[in-house]
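A look at the structure
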Amino acid sequence: MTIISLNKDNMPVVREQDVVPFRNRVKEYAVRIKMGLVNQTKLITAASELVRNMLRYGNGGEVLIEIVSRGRDNGIRLTFTDKGPGIADISLALKDGFSTGKSLGLGLPGTKRLVNEFDIKSELGKGTCITIIKWANG
Amino acid sequence: MITIQVDLYDRLALDLEADIVKMVSKTGAQGILIDISAVSIVDSFMGRIIGNIGVMSKLLDAETVVVGMQPAVAITLVELGLPLKGVYTALNVEKGMDLLRSIIQTEVDTTEPDEDDHNIAE
């Protein structure tokens, strides 16, 4: 089934201080489609992980927030785009406990567990684009 | 006792970590109670800060109890793969205080030298 985008909003995230307003915007959207509290929390946590990665490794970037619909389901789609160095080995980056920084290495694999759909594209030297979808009752 | 009333961004969380550890050292506090009931998101960074506070204050002979975690936050933390080991948790402030008292009390009771101490002394 095709996914239709109903409402979109672009938000640049270039400084750490942009993170909390960004999270609040995601929450607003989630509330608008009547997403339950647990799913909201999962979505915002996932968003927070990805936005931190974008700031730390990709020197900031842009996030596209969309309300999407597939048949009867409504959901939130977030697209994180940065023009950073890219990820050399995506399957390695998706492994629990792997990190090139000093973190716990939970960001990407953890995020994948928290959302319904997860797609990552990255090209060395060009940047990274990650798309996630959380359905309202998914 | 610390209550976190807003969603922190990373810099603020790091400052909080440093402030708490400094205060423990300055005041000789034996227990730290962190109320996160107003925190709607605990991601891997925030989780790591909370864990760090627990470990750092333990090194300074203080125990940390985290109270008031929202159910949705608990569900998310486990799915994320971050079970927050190393810190004690309690449902609310009252229970957290009771827990802190009992932890500190048992520590005082068990300060008699045990076999390991003798070995080191020899």
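Residues numbered from 1 in each chain as written. Chains lettered and ligands numbered in written order. Predicted model: local features only at pLDDT ≥ 70, side-chain atom pairs only at ≥ 80, totals over all residues.

Across its full length, chain A carries 4 helices and 5 strands. Overall, chain A shows an N-to-C arrangement of helices and strands of β-α-α-β-β-α-α-β-β. Its C-alpha atoms give chain A principal-axis dimensions of about 40 × 25 × 25 Å. Out of the 138 residues belonging to chain A, those deemed buried represent 39%. Sequence separation of at least 24 residues holds for 66% of the intrachain contacts in chain A that already meet a minimum separation of 6. (Helix = DSSP H or I, 4+ residues; strand = E, 2+ residues; numbered from the N terminus. Buried ≥ 20, exposed ≤ 12 C-beta atoms within 10 Å, placed from the backbone. Contact = placed C-beta atoms within 7 Å.)

We now examine the interface of chain B and chain A. Opposite the 18 residues of chain B that make contact, chain A presents 22 residues. Counting only elements with at least two residues in the side of chain B that touches chain A, the list comes to α1 (10-27), α2 (44-59) and α3 (71-80) of chain B. If one sorts the elements of the side of chain B that touches chain A by residue count, α3(B) sits on top with 6 residues. Tallied by class, the residues present in the side of chain B that touches chain A amount to 8 nonpolar, 4 polar and 6 charged. (Nonpolar A, V, L, I, M, F, W, Y, C, P; charged D, E, K, R; others polar.)

Residue and element names in this part refer to chain B. In this structure, strand β1 (residues 2-3) lies alongside strand β2 (residues 31-35), joined through 2 bridges in parallel fashion. Residue T3 lies in a different strand from β2, and its bridge partner there is D35. Note on the crossover from β1 through α1 to β2: the handedness is right-handed. Strand direction decides the pairing type here: β2 and strand β3 (residues 63-67), joined by 5 bridges, are parallel. Looking at β3, one finds that D35 is bridged to V67. (Pairing = 2+ DSSP bridges. Right-handed = clockwise from strand over helix to strand, strands pointing away.)

This part takes up the environment of A:V115. Residue and element names in this part refer to chain A. Here V115 is to be found in the loop between α4 (107-114) and β4 (117-123). Sequence spacing of V115 and I132 is 17 residues, and the spatial spacing of their C-alpha atoms is 6.7 Å. Not counting residues up to four positions away in its chain, the partners in contact with V115 are L43, A46, I132, I133 and K134.

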